[in-house]
Number of protein chains: 2
Amino acid sequence: MDKESQYKKLAKELVKKMTIAEKISQMRYDSPAIERLNIPSYNWWNEALHGVARSGNATVFPQPIAMAASFNEKLLKDVGIAISDEARAKYNEFKSIDSTQIYQGLTFWSPNINIFRDPRWGRGHETYGEDPLLTSKLACSFINGMQGNGKYRKVDTTLKHFLAHSGPEKGRHGFNSIVSEKDLYETYLFAFKYCIENSDPSAVMGAYNAINGEPCCASPTYLKKLLLEDLNFKGYVVSDCGAICDITDFHNMSDNYAQSAAKAVNNGCDLNCGKAYHHLVSAVAANLVSEEKITECVEKLFTARFRLGLFDDECEFNKIDYSVVDSKKHQDLNLQVARESIVLLKNDNILPLDSNKKIAVIGPIADSKEVLLGNYNGTPSHYTTILKGIQNYCKTTRYARGSKVFEESNPEWEEMPLNEAILAAKNSDITILALGLTPQLEGEEGDAFNSDMAGDKIDLNWQKCQRELYNEIIKVSDNVILVNVSGSCIDLSKPKKDCKAIIQCFYPGAEGGIALSDIIFGKVSPSGRLPISFYEKIEDLPPFEDYSMENRTYKYFKGNCVYNFGDGLTYNKISEEYLDKDTVKLINKGKYDINYSLLKFRHIPNKKLVAFKKIFLEANSETIVKIEDEI
Amino acid sequence: MDKESQYKKLAKELVKKMTIAEKISQMRYDSPAIERLNIPSYNWWNEALHGVARSGNATVFPQPIAMAASFNEKLLKDVGIAISDEARAKYNEFKSIDSTQIYQGLTFWSPNINIFRDPRWGRGHETYGEDPLLTSKLACSFINGMQGNGKYRKVDTTLKHFLAHSGPEKGRHGFNSIVSEKDLYETYLFAFKYCIENSDPSAVMGAYNAINGEPCCASPTYLKKLLLEDLNFKGYVVSDCGAICDITDFHNMSDNYAQSAAKAVNNGCDLNCGKAYHHLVSAVAANLVSEEKITECVEKLFTARFRLGLFDDECEFNKIDYSVVDSKKHQDLNLQVARESIVLLKNDNILPLDSNKKIAVIGPIADSKEVLLGNYNGTPSHYTTILKGIQNYCKTTRYARGSKVFEESNPEWEEMPLNEAILAAKNSDITILALGLTPQLEGEEGDAFNSDMAGDKIDLNWQKCQRELYNEIIKVSDNVILVNVSGSCIDLSKPKKDCKAIIQCFYPGAEGGIALSDIIFGKVSPSGRLPISFYEKIEDLPPFEDYSMENRTYKYFKGNCVYNFGDGLTYNKISEEYLDKDTVKLINKGKYDINYSLLKFRHIPNKKLVAFKKIFLEANSETIVKIEDEI
């Protein structure tokens, strides 16, 4: 019997011993212990988009949108391995004191493989960007790294949010995404299908919203038929948190929670984050759902628990020691990822920078820890801000905040930071201007500062105070290097004209300041590329609520972007010469060794990424690469 | 003619050319330009309790309560010199672009020499503690360092808040302090009188509250008679911000702002922070105040401006270069102050610590920047948290936050940080537990988190979440070193029993983490002493609103403190042997050189500090010191 059948058998036997009430209790994310059967309590909720999150100390890798900019599958796998090592080490420790609280288990509700359809979406930076192939391949690598390939599954990963979910955050609990067949297959479903076919994700999470009228967590068309039957997904399905009560409260598609719970179970949702499945007891009593169906769900869930080795004291991963957590080895990997995640968009012969110049570091996020960490993050034991990273290279740095991060009330006695920044710029050779967003300005509903928008962006601009700072600095400094930190696109049309260099830094993780300064001062060449389009203005796009892909993302956008998907400079001159359709000669002229991102597009009927590869190029070298279309 | 008479003469001549409206305009903190007389605008409001504040980058020294713990007059003078150097450098730069905004001038509303009468007061950490002599001498040193002794005054200092002001923050705008004659002279007035007699402070700031029924900024008894006539104070008087409107709005002692403004001017308040003096135009028209009185005020203010060399392009301080700001030299001084500000309260043979031990660093403020900086602070370009400082010594550190800093809402999806901390403690040899308050938990009205109390404390306890953390850690670790960070006393009675060592760290400035770890790992010996009593519970004290000194501070408190004013251990054994009344032999047995704080108390009729001296003692040495009673 193969190991999977073994786990199923064990699950079946165990579930058989449970009463119906016991079974139902195990379908909640906070599953209680069943002491008579020696089943400990288990909390299914854990997060690891870019490091074990919300569970104390952990290596905090760059935000997924930043990792996507690396276009480096291997790195994503290494990150997955590192995270799952830390997850196991933490799990082992928590187990030693029988602690089974939230964020202490092995079942991770990551990755977020939704397509970053519209730059307004506050959670877009949790994703791998706007391209389905890039998203799919990076997610597969991450999943493979996380889950491993041993006797036991190392940790569970969960594809979220099934099926078409990308804002608005406001109203997400009752929103209905209207999605055409074409967009479904080309865009929204693509990465789910690809990951299921090319890796073996343990779980899928249903979204809050409805798709074409059917709430995702209880959809007969998309969950039951498409995912479970057509795609033959064999893992378990979990609801987003509170999503099943939303069917009653916001979608208005059932009279009570028992009905909603039954709908969800009957359509394939095995596990509930939230409280709706408390009502399964009455749903079963009212024959809204059968005991067989319940049993099927619980068997899937216990198959997963057996597959993780949760009931085996000899599980190979039980030996992973706590010392791996936020270890030097992981910090080094993190630095590597951070370096490859940074995108050089413009360089008017100013970079790399001479560290003997008088340098002003200006901007409200220059010394910010929070922009390193993104959202759904852990707590690093060490971190390096942008300012600190630059100071490590350059002793004559002058630092000025220059403005607040965002507008708040303006009491009369408030600090006026602008003039200090003007003076710093005036009295320096070079100004490194660090502006941008923070996870407080773009984030999840309830999590972000801009509560009117529930975390979404209203436009592509910096906050007013930062725009004022930008305008004043540009007036007094001819040598501005703009570092834009954000998890989404910002209108860079003015900087493209004004600044000598532009560096796009997505939330870069705990080592972000080191990585950025390594690039600024030429220790390494930049190699990242944009995983999203940088539009000029929001008016160029369809309404946020419109899920048609028409005129969205580099594949379908009809206007001109300020910077395009795939853009990214290096410090070398690298040329790509196609010898035939699938063979390219790369010539690296320059003194830097580079991990080069080779992107291959097809242009008919529209531009489309068909393959990508990360290739190590030695300084002043040539190499021949095979790159075949993958779609 | 002496220089002071010269400045007065210049002021008189200039003021003579002004219209009455122009004169009145110059009595506002935001004095507008008078272009026809070549008088630029000037904003009088600046702050520098422990570094140039709210004006961007500056060296951020320890909070005043921490500096008081050094009992080191010389350091306070050096700090004053460093701050005024930075202030001049910043002023020179701002002047180069004609910037005269708030926090850019040379007139500082520091030091705060109020007596820290009650531990509930949120602003107590801005002061030098509870002893009048300590407060007086440290303030004098600070003032002398700040103001200098050159042709021009380097910067202005301001004694605040005249006369009896120490909470509550809530209701401060209409509060009336009832003060006895004995308490007035022994406590509240003492430092004001001492500083005026022994240094030459440029200004005095009137408090918000009333004293014995008279609002401080318009008090005939205390401002006009006591300060200006009896103490013969020759500088200018400024109101606290909004305090003159408060006479109408909260003290209900005038019908309108014109009346309040007239009252203030007639009783000696020359400068208004706020908007009340806009109404002096109508007050003069209504004969509530004479033009002569107005002229007198404005002459004082322009004497100060001439004394600062504001109208002389050749002023000696115009050459101070920006490079002094947050310079290496000042950071080194800052580190020295921080080291001397840390107080070792208990040491059960555990300190100094062997850096090869497995050390857990636990606590929500261990990696906090804000606890370094205190309030009324600048922005350092470098800083070292407690965690970072310890990590610099010890490579096997394990870090866990353990709890939130204070209670907030508890969403279901919130991180549960406690168990990670328990595990860190269990799996380490030593636990360094960093708990305490932050400037958000104790601060000024409108500035602090606990809006119900307007910044004041309700009791002497840590927040509930921190108490829980403490209790759990104590259960699992036998070797707890408690680092309590706060600007006021916390009940340490339990830690006194439970912990192997207790270190009191008042908000220690940008170098705080380095200073603390230098002490923990024995690079230097601690030498600080408590400048306040550490009571066990608030119930042992009179009501907060009661300004009687009966049963308050070490001088009059009848109960037992957990730790006493003046307490502070070193790593050496140091004995004090009085050879006669004023001659003491100090024997330093131990390997540390120490800056030793020698405190001399009289005990009749009650305990009272009568002299103190900071004395450098070489390792294993004896020295004879003269120390005469100063009061």
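All values derive from a computational prediction rather than experimental measurement.

(A) Layout of the sheet that holds strand E6 (residues 210-211) of chain B. All names here are of chain B. In spatial order, the strands read E4-E6-E7; together these three strands make up an open sheet with mixed pairing. If you trace the sheet from one side to the other, it starts and ends with strand E4 (176-177) and strand E7 (214-215), each paired once. Bridging between E6 and E7 involves two bridges; their strand directions are antiparallel. When the bridges of E7 are listed, alanine 210 appears paired with proline 215.

(B) Here's a closer look at the relation of the copies chain A and chain B. Mapping chain A onto chain B calls for a rotation angle of 180° and an axial translation of 0.0 Å; the resulting RMSD is 0.0 Å. In the structure described here, the two chain copies are related by an operation that fits a two-fold rotation axis. Ranked by how close their C-alpha atoms come to the rotation axis, the residues of chain A are headed by lysine 369 of chain A, at 5.2 Å. When the interface residues of chain A are mapped onto chain B, 100% of them again fall at the interface, so both copies present the same face.

(C) Just the pattern of salt bridges, in detail. Per the counting criterion, the structure on display carries 88 salt bridges over all chains. Lysine 137 of chain B is the partner of glutamate 73 of chain B in a salt bridge, and the nearest nitrogen-oxygen pair spans 3.7 Å. Taken together, the residues span a long stretch of sequence, with glutamate 73 of chain B in helix H4 (residues 73-96) and lysine 137 of chain B in helix H5 (residues 132-147) at a distance of 64 residues. We classify glutamate 73 of chain B as partly exposed; its relative accessible area is 26%. Overall, lysine 137 of chain B belongs to the buried group, its relative accessible area being 9%. In the salt-bridge network here, residues are joined through shared partners; they are Arg123, Glu126, Glu169, Arg172, Glu444 and Glu445 of chain A.

(D) View of the environment of alanine 262 of chain B. Residues and elements named next belong to chain B. Mapped onto the secondary structure, alanine 262 falls in helix H10 (residues 257-266). A relative accessible area of 4% means that alanine 262 is categorised as buried. When the C-alpha atoms of alanine 262 and isoleucine 244 are compared, they prove to be 9.7 Å apart, with 18 residues separating the residues in sequence. Not counting residues up to four positions away in its chain, the partners in contact with alanine 262 are Leu280, Ala283, Leu288 and Val289.

(E) Broad picture of the state of the cysteines. All chains considered together, the criterion is met by two disulfides over all chains. Each disulfide pairs two cysteine sulfurs, and for cysteine 241 of chain A the partner residue is cysteine 273 of chain A, the sulfurs being separated by 2.1 Å. Linking cysteine 241 of chain A and cysteine 273 of chain A, the disulfide has an S-S dihedral of approximately 95° and is accordingly described as right-handed. Taken together, the residues cysteine 241 of chain A in the loop between strand E8 (236-239) and helix H9 (243-249) and cysteine 273 of chain A in the loop between helix H10 (257-266) and helix H11 (280-285) connect sequence positions 32 residues apart. Note on cysteine 489 of chain B: no disulfide assigned, nearest cysteine sulfur contributed by cysteine 561 of chain B at a separation of 7.8 Å. For cysteine 489 of chain B, a relative accessible area of 1% corresponds to the buried category. Residue cysteine 505 of chain B stays outside any disulfide, its sulfur separated by 15 Å from that of cysteine 499 of chain B, the closest cysteine. Among the residues examined, cysteine 505 of chain B registers a relative accessible area of 0% and is labelled buried.

(F) Expanded view of the pairing of strand E16 (residues 583-589) of chain A. Residue and element names in this part refer to chain A. Most of E16 is tucked away, with five of its seven residues classed as buried. Hairpin connection of strand E15 (residues 573-580) to E16: two residues between the antiparallel strands. In this sheet, strand E19 (residues 621-626) lies alongside E16 in antiparallel orientation, the contact comprising six bridges. Counted as the bridge partner of valine 584 is valine 625 from E19.

(G) Summary view of unusual backbone geometry. Residue and element names in this part refer to chain A. Lysine 160 connects to histidine 161 through a cis peptide bond whose omega is -5°. Here histidine 161 shows up in strand E3 (residues 158-162). Positioned with a positive phi, asparagine 620 is a non-glycine residue whose angle comes to about 45°. With respect to the helices and strands, the residue asparagine 620 is situated in the loop between strand E18 (608-617) and E19. Taking the relative accessible area as the measure of exposure, asparagine 620 reaches 60% and is therefore exposed.

(H) Focus on the packing of H4 of chain B against helix H13 (residues 328-341) of chain B. All names here are of chain B. Following both chains from N to C, one finds H4 and H13 inclined at 145°, their axes separated by 11 Å at the closest point. You can see that H4 and H13 cross each other, and the crossing is left-handed. Contact with H4, carried on its side by Leu75, Asp78, Val79, Ala82, Asp85 and Glu86, involves His330, Leu333, Gln336, Val337 and Glu340 of H13 and no other residues of that element. Here the residues of the contact of H4 with H13 sort into five nonpolar, two polar and four charged.

(I) Up close: the sheet that holds strand E19 (residues 621-626) of chain B. Residue and element names in this part refer to chain B. Ordered by their spatial adjacency, three strands build an open sheet running E15-E16-E19, and the pairing between neighbours is antiparallel. Each edge of the open sheet is held by one strand with a lone partner, namely strand E15 (573-580) and E19. On average, each strand axis in the sheet is tilted by 20° relative to the strand beside it, whichever way the strands run. For E15 and strand E16 (residues 583-589), the ladder comprises seven bridges, and the chain directions are antiparallel. For glutamate 576, the partnering residue across the bridge sits in E16 and is leucine 586.

(J) Representation of the packing of helix H15 (residues 386-393) of chain A against helix H19 (residues 512-520) of chain A within the structure. Residue and element names in this part refer to chain A. For the pair H15 and H19, interaxial distance at closest approach is 7 Å and the crossing angle is 45°. If you check the angle between H15 and H19, you find them oblique. Pair H15 / H19 crosses with right-handed handedness. Taking contact as the criterion, the partners of Ile386, Gly389, Ile390 and Tyr393 in H15 are, on H19, Gly513, Ile514, Leu516, Ser517, Asp518 and Ile520. Classifying every residue of the contact of H15 with H19 by side-chain character gives six nonpolar, three polar and one charged.

(K) Representation of H13 of chain B. With 14 residues, H13 of chain B extends 20 Å from end C-alpha to end C-alpha; this agrees with the ideal 20 Å at 1.5 Å per step. Among the residues of H13 of chain B, His330, Gln331, Leu333, Asn334, Leu335, Val337, Ala338, Arg339, Glu340 and Ser341 of chain B are the ones counted as buried.

(L) Region of the structure containing the interface of chain A and chain B. Listed as interface residues are 42 residues of chain A and, on the opposing side, 42 residues of chain B. For the chain A and chain B pair, buried surface summed over both sides reaches about 3600 Å², with 49% attributable to carbon and sulfur atoms. One can count eight salt bridges joining chain A with chain B. The partner of lysine 90 of chain B in a salt bridge is glutamate 420 of chain A, with the nearest N and O atoms 3.7 Å apart. Within the residue set of the side of chain A that touches chain B, elements represented by two or more residues are helix H4 (73-96), H15, strand E11 (398-400) and helix H16 (418-426) of chain A. By residue class, the composition of the side of chain A that touches chain B is 14 nonpolar, 13 polar and 15 charged.

(M) A look at a positive patch on the surface. A grouping of Lys388 and Lys395 of chain A together with Lys388 and Lys395 of chain B is seen on the molecular surface, where their side chains present a positively charged patch. By the secondary structure assignment, lysine 395 of chain A is in the loop between H15 and E11. Under the relative-accessibility criterion, lysine 395 of chain A is labelled exposed at 73%.

(N) Geometry of the environment of serine 381 of chain B. Here serine 381 of chain B shows up in the loop between helix H14 (370-373) and helix H15 (386-393). The class for serine 381 of chain B is buried, based on a relative accessible area of 10%. In the structure, serine 381 of chain B is positioned 129 residues away from alanine 510 of chain B in sequence and 8.9 Å away in space, judged by C-alpha atoms. Those residues in contact with serine 381 of chain B, other than ones at most four positions away along the chain, are Leu387, Gln391 and Tyr399 of chain A together with Asn57, Asp326 and Gln331 of chain B. A distance of 2.7 Å separates the side chain of serine 381 of chain B from the side chain of aspartate 326 of chain B, its partner in a polar contact.

(O) Layout of the packing of aromatic side chains. For the structure shown, the criterion picks out 45 aromatic pairs over all chains. Measuring from centroid to centroid gives 5.2 Å for phenylalanine 162 of chain A and phenylalanine 192 of chain A, while their planes differ by 85°, and the two rings are edge-to-face. Remark: phenylalanine 192 of chain A occurs in helix H7 (residues 190-198) and phenylalanine 162 of chain A occurs in strand E3; sequence separation between them is 30 residues. Classification of phenylalanine 162 of chain A as buried rests on a relative accessible area of 1%. Each ring, one from phenylalanine 71 of chain B and one from phenylalanine 612 of chain B, has its centre 5.8 Å from the other, and the planes form 85°; the classification is edge-to-face. Here phenylalanine 71 of chain B, found in the loop between helix H3 (64-69) and H4, pairs with phenylalanine 612 of chain B, found in strand E18 (residues 608-617); they are 541 residues apart in sequence, far enough to count as distant. Taken as a pair, phenylalanine 71 of chain B and phenylalanine 612 of chain B share a single burial class, namely buried. Clustering of aromatic rings is evident, with ring pairs tying together Phe71, Tyr554, Phe565, Phe601 and Phe612 of chain A. The cationic tip of arginine 54 of chain B hangs over the ring face of tyrosine 376 of chain B; the distance from NZ or CZ to the ring centre is 4.1 Å.

Conventions we followed
Sequence order as written defines the numbering, with residues in each chain counted from 1. Labels follow written order: the first chain is A, the first ligand is 1, and so on. The model is predicted, so local features are restricted to residues of pLDDT at least 70 and side-chain atom pairs to those at 80 or more, both for listing and for counting; the totals for chains, interfaces and linings are taken over all residues. Side-chain numbers here rest on the full set of heavy atoms in the structure, without hydrogens or water. Two strands pair if DSSP finds at least two bridges between them. By the criteria applied, helices consist of DSSP H or I runs no shorter than four residues and strands consist of E runs no shorter than two, each listed in order from the N terminus. Copy-to-copy superposition: least squares on the C-alpha atoms, limited to residues that have pLDDT of at least 70 in both copies. In this analysis, two residues are considered to be in contact whenever any of their non-hydrogen atoms come within 4.5 Å of each other. Whenever Lys or Arg places a side-chain nitrogen within 4 Å of a carboxyl oxygen from Asp or Glu, that contact is recorded as a salt bridge. Here's how the labels work: a residue is buried when its accessible area is under 20% of the maximum for its type, exposed when over 50%, partly exposed in between, all with a 1.4 Å probe on protein chains only. Cysteine sulfurs are considered disulfide-paired once they come within 2.5 Å of each other. Orientation is described by axes fitted as lines to C-alpha atoms, over the contacting stretch for helices, and by angles from 0 to 180 degrees between their N-to-C directions. By definition, turning the near helix anticlockwise from the far helix through less than a right angle yields a left-handed crossing, and turning it clockwise yields a right-handed one. In this count, Pro and Cys sit with the nonpolar residues alongside Ala, Val, Leu, Ile, Met, Phe, Trp and Tyr, while Asp, Glu, Lys and Arg are called charged and the others, Gly among them, polar. Between 65 and 115 degrees an angle is taken as roughly perpendicular, under 35 as roughly parallel, over 145 as roughly antiparallel, and anywhere else as oblique. To estimate the expected span of a helix, count its residues, drop one, and scale the result by 1.5 Å. What counts as buried area is the accessible surface, traced by a 1.4 Å probe, that two parts surrender upon association, with contributions from both included. Residues enter a patch when their relative accessible area is above 30% and they make no salt bridge; the linking distance is 9 Å between like charges and 5 Å between nonpolar side chains (Val, Leu, Ile, Met, Phe, Trp, Tyr). Here the Shrake-Rupley method, with its probe set to 1.4 Å, supplies the accessible areas, and only the displayed protein chains count as covering residues. For the purpose of counting charges, residues Lys and Arg are taken to be positive, whereas Asp and Glu are taken to be negative. His and the chain ends are not included. The atoms used to mark charge sites are NZ of Lys, CZ of Arg, CG of Asp and CD of Glu. Pairs of N or O atoms within 3.5 Å make up the polar contacts considered here, provided that, within protein, one atom can donate a hydrogen while the other can accept it, and that residues adjacent in sequence are counted only when both atoms are side-chain atoms. Any Phe, Tyr or Trp ring, taking Trp's six-membered ring, that has another such ring centre within 6.5 Å forms a pair; planes under 30 degrees apart are called stacked, those over 60 apart edge-to-face, and the others tilted. We count a charge as sitting over a ring when the NZ of a lysine or the CZ of an arginine lies within 6 Å of the ring centre and within 35 degrees of the ring normal.

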